[in-house]
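Fold and geometry: a report
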Amino acid sequence: MKTMRILAAALALALACGTASAQLNKLGKKIKDKAKDKVEQTVKETTQKAADKTGVSSAVSTATSSSISSTDQEENSNSSSSSSSSSSTSGTGSDVWVWEWKVYEPSDQAKANLPMALKQEKRGNLTQAEYVGAWEHLPTDVFPYQPIWEEQNATLYSIDENLVEKNPFVEETIKNVEGSDIAVKVYKVANTPANWVKVKTASGKTGYVPKKELVINALLADFFADPTNNLKSLMMAKGFESYTCSKVTHKQDNLDTGEVNRSEGMTMPFPSWWGYWDMLTLRSQWGYNYAVKNIPVSQLDEFMTECETKIPALIKSGDYVGARAWLLMAGACSNVSKVYLGETKGVAAVNITPEEKATVQSIMQRNEKLDKTYREDVSNAVWENNIAVKEMPTEIAAPSTSAQADLDRLAKAQFGSSFVKAYFFRGWDLKKDDKWPYPVIGRVAEVVVVFTKDGQKVWQSLMLRQTSSNKGQSFTNTTLGTTKQTYKVP
C-alpha cells in the first residue's frame, strides 16, 4: 500500500485559514462546556451493563470511545469531556481545538536523543526532522505520550514511514477480528502484560495502556503532522478503531484507580480508566475536526476512488486481508465525509458548495455499495483463511468396525474429495429415555475429521449420532454433525 501524496503543504496551510477554520474554532468552547461527570456516569453505566451480561465486573469495552459508526459517534459526542482541553500542555495555547498545521523544527533534546531528528530526507511534505518536530508539538491532551524519544514511547510514533505496510500488528489484528462473536486474539480479555504497552506521559508518569495505542497513536500522529500527505493514515486509524477496537474488552483490577494488574504492579498513567477513556473520546473527535480543517472534499473523493479500485483487485489476487483493510478505510472515508454535512455530533460542520455536497453524498453512497458487494464475502474469506494451529485429540480404537464404517461414509459424503481420515477420540455416550425402564434410545461419540483446505491439512471435531428404536439392540439413522471450528493440523 503506497502512502498517498496528493497536495502540497501550501495547500494545507491555505485550507487551514479558510471558512472551515473559522467554524471549527467555535467548537472548542462547546466541547469544554460538557461536564466530566457525564462521561463518567455514561461509561460506568455501560461498563456495568457489560459486567452484568458477562459476569466480569472489572472489564470495560473500548468500543464506545473509539468507534466511528454513526451510533457510536453520537454516544461519544454526548459524553465528551473538557478535563483535558482546559489544561493543554502542548504549547499552542489554552484552546487546542485551534491547533494549526505548521512546520515545526525538532528541539535540541530530540536531536540529541533521536537520529531521525537530524535527517533532512523528505517524507511527504516534510523532512524526517520536521516530523519529529511536529510530534513533539502535538497537543498532549490527545497525544499524551511524550517525550517521543523515551524508550517506552518510541514505538508509539511511526518512526518507520511505512507503518501501515510493515507493522505486523495492524495486519494480525485485522486478521483476527472477523466474525460477529469472535474475540480479538491479540486483545484477550485479560490484564496480562502481553495485552498492554508501557508508556510515559508528558507529565512524567509511566504506566500501561492497551496495546492498540501502538497503532492508533502512531497513525494519527502521522496524520496530524502532515495531513494532506497522510490521509490514508487517518483512514486506517479510524477503520481500525471502529471495527477492531469495538470488539475489544480489557479486564483490570480497579477501573477507578487505573490499576491494571495488582500482582504485576501495573497501573495506567492516568488517574483512572475514565481519564484514559476521556482522552480517547476527545482524540476521536479531534481527528474529524482536523480532517475537515485540512482535507478538501476532492481528496476524499480521490481516496474513495482508490478504494473502489483496490478492493476488487485485491480480492482477485486472493489478498482478502488487504481487501478487508481497504473496506475498513472506505467506511472511514464515508464517516469523515459525514462531517461535511453536519451529521456528526460533537464535530463542526463546514460550508461547502452544492457541487461538493453532491460529491460527499456520492462518497457515502459508493461506500454503501462496496459494503453490500464485498464485505460479507471478504469477512468470511479472511476468517476461513485465518485458521489457528491446534493439537488434535488423541485417537482411540473405534467402538466397532461398523461404527468406523459409518463414520468414514458420512465424512466422505460431507467433505468430498478433500477428506483425508476420520477417527474416534471418545467412545459412545448412551442416551436413555426419561421414562422407566429408561431404554437406550440413542448414542453419540466425539470424532475428528481431517481434510484438506487450500492445500493444507485441517481438522474439525464433530459428533457422530445414532438412534435406536428397539431399546439399544440396534441403531439406525446415523448422522454426523457440522461445525465451523476448523484448525490446522500441527
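Attention in this report is confined to the structure presented alongside it. Note that the structure is a prediction, hence the values are computed from the model and not measured.

A word on unusual backbone geometry
Look at the link from Q146 to P147: it is a cis peptide, with omega at -5°. Mapped onto the elements of the fold, P147 is located in the loop between α8 (128-137) and α9 (163-166). Following W436, the chain continues to P437 via a peptide bond in cis, the omega torsion being 5°. Within the secondary structure layout, P437 lies in the loop between β10 (429-432) and β11 (440-453). For Y438, which is not glycine, the phi dihedral falls at a positive 55°. Mapping Y438 onto the fold places it in the loop between β10 and β11.

Re the pattern of salt bridges
Side-chain pairs of opposite charge can arise where the charged atoms are in close proximity. Tallied over the full model, the rule gives 12 salt bridges. Among the salt bridges present, the one from R366 reaches D301, with a minimum N-O distance of 2.6 Å. Within this pair, whereas R366 is found in helix α16 (residues 354-385), its partner D301 is found in helix α14 (residues 297-317), the two being separated by 65 residues in sequence. Between D429 and K431 there is a salt bridge, with the nearest N and O atoms lying 3.2 Å from each other. Overall, the relative accessible area of 40% leaves D429 in the partly exposed class. Relative accessible area serves as the criterion here: at 39%, K431 is assigned to the partly exposed category. Among the charged side chains, a network of salt bridges with common partners joins D301, E308 and R366.

Concerning the nonpolar core
Nonpolar side chains tend toward joint burial in soluble globular proteins. Formed by 82 residues in total, the largest nonpolar core has its most connected members in W135, Y145, Y157, M235, Y276 and L300. The element best represented in this core is helix α13 (residues 273-294), accounting for 12 residues. The residues contacting M235, other than those within four sequence positions of it, are L300, F303, M329, A332, C333 and V336.

Conventions we followed
- All residue numbers refer to position in the chain's written sequence, counted from 1.
- Whole-chain, interface and lining totals are the exception, using all residues; otherwise, since this is a predicted model, local features are given only for residues with pLDDT of at least 70 and side-chain atom pairs are given and counted only at 80 or more.
- Excluding hydrogens and water, the side-chain figures rest on all heavy atoms present in the structure.
- Put simply, DSSP marks the helices as runs of H or I at least four residues long and the strands as runs of E at least two long, and each gets a number from the N terminus on.
- Criterion for a salt bridge: a side-chain nitrogen of Lys or Arg within 4 Å of a carboxyl oxygen of Asp or Glu.
- For every residue, the accessible area (1.4 Å probe, protein chains only) is compared with the maximum for its type, and the residue is labelled buried under 20%, exposed over 50%, or partly exposed between those bounds.
- What makes a nonpolar core is a set of buried Ala, Val, Leu, Ile, Met, Phe, Trp, Tyr and Cys residues whose side-chain atoms join them at distances within 4.5 Å.
- Any two residues whose heavy atoms approach within 4.5 Å at even a single point are treated as in contact.

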